[in-house]
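The lines below spell out each chain.
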Amino acid sequence: MPFIIPILFLGLIILFSAFFIVKQQTAAVMERFGKFHSIRQSGLHIKIPLVDRIAGKLSLKIQQLDVIVETKTLDDVFVRLKVSVQYKVIKDKVYDAFYKLDYPHDQITSYVFDVVRAEVPKMKLDDVFVKKDDIAIAVKTELNDAMIEYGYDIIKTLVTDIDPDAQVKAAMNRINAAEREKIAAQYEGDAQRILIVEKAKAEAESKRLQGQGIADQRREIARGLEESVEVLNKVGINSQEASALIVVTQHYDTLQAIGEETNSNLILLPNSPQAGSNMLNDMVASFAASNQIGEAMKKQNKKNDNDE
């Protein structure tokens, strides 16, 4: 009687050990007496205690392996590439994945090293950045051809990081900065040239308008003088006297304008009380002399014509 309880307890343990659960997206490999027996998918299962055993479990989820590869480019620059490989176990090839490979990570890493070190030395450093997708495709193609036999499907490969030597990166940054400064200087030069051209155009237009204004001003002054002479002629003053009178009038207008400016440093010479009278007499005399010379020249020319 005392032996029944331990036997029952042992029986219950063996009975419960016959049941096992396989999680979702997981495959369990069953062996019977050390030999492959079956593959169990997710759910509740029964095995024969002490006869069947779970040799191992494989995840059917997509997994990722990051591989760091250091290699040299065509222009002799050492660079470190981070290649991320996304893979999963093929559901129908769990047997191959479990029994044919002991260390799938090492196998994948070896293929990544082989492909990257074969492709990158063909490219210059700038091309490595531009053609990183080509490197990823080459790695995926090589891995798929090799790993499909072992029950692994390569979903995608990505070149997630390209890290050149620190000195090379510093040199690249200096080159990039110098190139941008060159472009900025070109734009600044173009802007300065446009400003100079536009300023010259504005000055030319300003001078043209200023000259036009001066011409219009002189034309109006001449017209006003003409009208003034006509008015003076009507009251018995001849053209010479009228011109002299207008000049004297303008002289006094100028004196008046200078007097209105308290801070003016302008000195008008001659500036005596007799200046206006002297100017009028001198102008009348000069006009008279000019007329006499003109009449004499006309007579001389007429005489010369008659002699001929």
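Model, not experiment: these values are computed from the prediction.

## Here's the deal with the overall build of the protein chain
Moving on, step 1. Counting secondary structure elements, the protein chain contains 8 helices and 8 strands.
Moving on, step 2. The contacts of the protein chain with a sequence gap of at least 6 include a subset with a gap of at least 24, amounting to 63%.
Moving on, step 3. Summing over all exposed atoms, the protein chain offers an accessible surface of approximately 21800 Å²; the carbon and sulfur share of this is 56%.

## Describing the sheet that holds strand E8 (residues 152-164)
Moving on, step 1. As summarised here, the arrangement of the 3 strands in space is E6-E7-E8, forming an open sheet in which the pairing is antiparallel. Of all strands in the sheet, those bounded by a partner on one side alone are strand E6 (63-72) and E8. Across the sheet, the mean angle separating the axes of adjacent strands is 20 degrees when strand polarity is ignored.
Moving on, step 2. With 10 bridges joining them, E6 and strand E7 (residues 78-89) adopt antiparallel strand pairing.

## Notes on the side chain of His45
Moving on, step 1. Considering the arrangement of structural elements, one finds His45 in strand E4 (residues 43-46).
Moving on, step 2. In this structure His45 comes out as buried when scored by relative accessible area, which is 17%.
Moving on, step 3. Within the structure, the side chain of His45 is placed 2.6 Å from the backbone oxygen of Gln41, a separation counted as a polar contact.
Moving on, step 4. Sequence-distant contacts of His45, defined by excluding residues within four places in its chain, comprise Ala18, Phe19, Phe20, Val22 and Arg40.

## Points about helix H5 (residues 132-147)
Because the α-helix completes a turn every 3.6 residues, residues three or four places apart line up on one side.
Moving on, step 1. With 16 residues, H5 extends 22 Å from end C-alpha to end C-alpha; this agrees with the ideal 22 Å at 1.5 Å per step.
Moving on, step 2. Along H5, the residues classified as buried are Ile135, Ala136, Val139, Leu143, Asn144, Ala146 and Met147. Take H5 and look down its axis: the buried residues cluster within an arc of 165 degrees, on one side only. Away from its buried face by more than 90 degrees, H5 exposes Ile137 and Asp145.
Moving on, step 3. Those residues of H5 that are buried lie in contact with E7, helix H3 (104-119), helix H4 (125-130) and E8.

## Observations regarding the sheet that holds strand E3 (residues 35-40)
Moving on, step 1. Spatially, 3 strands are ordered E3-E2-E5 in an open sheet, and the strand pairing comes out antiparallel. The sheet terminates laterally at E3 and strand E5 (52-59), the two strands that pair on one side only. On average, each strand axis in the sheet is tilted by 25 degrees relative to the strand beside it, whichever way the strands run.
Moving on, step 2. By the bridge criterion, 7 bridges tie strand E2 (residues 26-32) to E5 in an arrangement that is antiparallel. Residue Arg32 lies in a different strand from E5, and its bridge partner there is Asp52.

## Focus on the pattern of salt bridges
Moving on, step 1. Counted according to the given criterion, the structure contains 8 salt bridges.
Moving on, step 2. A salt bridge links Arg32 to Asp52, with the nearest nitrogen and oxygen atoms 2.5 Å apart. Of this pair, Arg32 sits in strand E2 while Asp52 sits in strand E5; the two residues are 20 residues apart in sequence, bridging distant segments of the chain.
Moving on, step 3. For Asp52, a relative accessible area of 6% corresponds to the buried category.

## A look at the nonpolar core
Moving on, step 1. Ranked by size, the top nonpolar core spans 35 residues in total, and within it Leu81, Val112, Val116 and Ile135 carry the most contacts.
Moving on, step 2. Contributing elements (two or more residues each) for this core: E2, E6, E7, helix H2 (94-99), H3, H4, H5 and E8.
Moving on, step 3. Once you skip the residues sitting within four places of it in the chain, Val116 turns out to touch Val69, Thr71, Leu81, Val83, Pro121, Ile135 and Val139.

## A closer look at the pairing of strand E1 (residues 19-22)
Moving on, step 1. On E1, burial follows the alternation: Phe20 and Val22 on one face are buried, whereas Phe19 and Ile21 on the facing-out side are not.
Moving on, step 2. Here E1 pairs with E4 via 4 bridges, running antiparallel. Paired with Phe20 across the strands is His45, a residue of E4.

## Points about unusual backbone geometry
Moving on, step 1. Residues other than glycine seldom take positive phi values, yet Gln25 does so here, at roughly 60 degrees.
Moving on, step 2. Structurally, the position occupied by Gln25 is in the loop between E1 and E2.
Moving on, step 3. Residue Gln25 is classed as partly exposed on the basis of its relative accessible area, which comes to 35%.
Moving on, step 4. Even without glycine at this site, Phe33 takes up a positive phi of about 55 degrees.
Moving on, step 5. Counting through the fold element by element, Phe33 comes out in the loop between E2 and E3.
Moving on, step 6. Phe33 gets classed as exposed once you look at its relative accessible area, which sits at 67%.

## Some remarks on the packing of aromatic side chains
Moving on, step 1. For the structure shown, the criterion picks out 5 aromatic pairs.
Moving on, step 2. When the ring of Tyr95 is compared with that of Tyr99, the centres are 4.8 Å apart and the planes differ by 40 degrees; the resulting orientation is tilted. Taken together, the positions of Tyr95 and Tyr99, both in helix H2 and 4 residues apart, correspond to about one turn of that helix.
Moving on, step 3. For Tyr99, a relative accessible area of 31% corresponds to the partly exposed category.
Moving on, step 4. A ring pair is formed by Phe98 and Tyr99, whose centres lie 4.9 Å apart and whose planes are at 80 degrees; its orientation type is edge-to-face.
Moving on, step 5. Residue classification places Phe98 among the partly exposed residues on the basis of a relative accessible area of 22%.
Moving on, step 6. Linked through ring pairs, Phe36, Tyr95, Phe98 and Tyr99 together constitute an aromatic cluster.

Cut-off values and rules
- Residues numbered from 1 in each chain as written.
- Predicted model: local features only at pLDDT ≥ 70, side-chain atom pairs only at ≥ 80, totals over all residues.
- Heavy atoms only, no water.
- Helix = DSSP H or I, 4+ residues; strand = E, 2+ residues; numbered from the N terminus.
- Contact = heavy atoms within 4.5 Å.
- Areas by Shrake-Rupley, 256 points an atom, 1.4 Å probe, with all protein chains shown as cover.
- Pairing = 2+ DSSP bridges.
- Axes fitted to C-alpha atoms, helices over the stretch in contact; angles between N-to-C directions.
- Buried < 20%, exposed > 50% of the residue type's maximum accessible area, 1.4 Å probe, protein only.
- Polar contact = N/O pair within 3.5 Å; in protein donor to acceptor, adjacent residues only side chain to side chain.
- Expected span 1.5 Å × (residues − 1).
- Arc of directions from axis to C-beta.
- Salt bridge = Lys/Arg side-chain N within 4 Å of Asp/Glu carboxyl O.
- Core = buried A, V, L, I, M, F, W, Y, C linked by side-chain atoms within 4.5 Å.
- Phe/Tyr/Trp six-rings, centres within 6.5 Å; stacked < 30°, edge-to-face > 60°.

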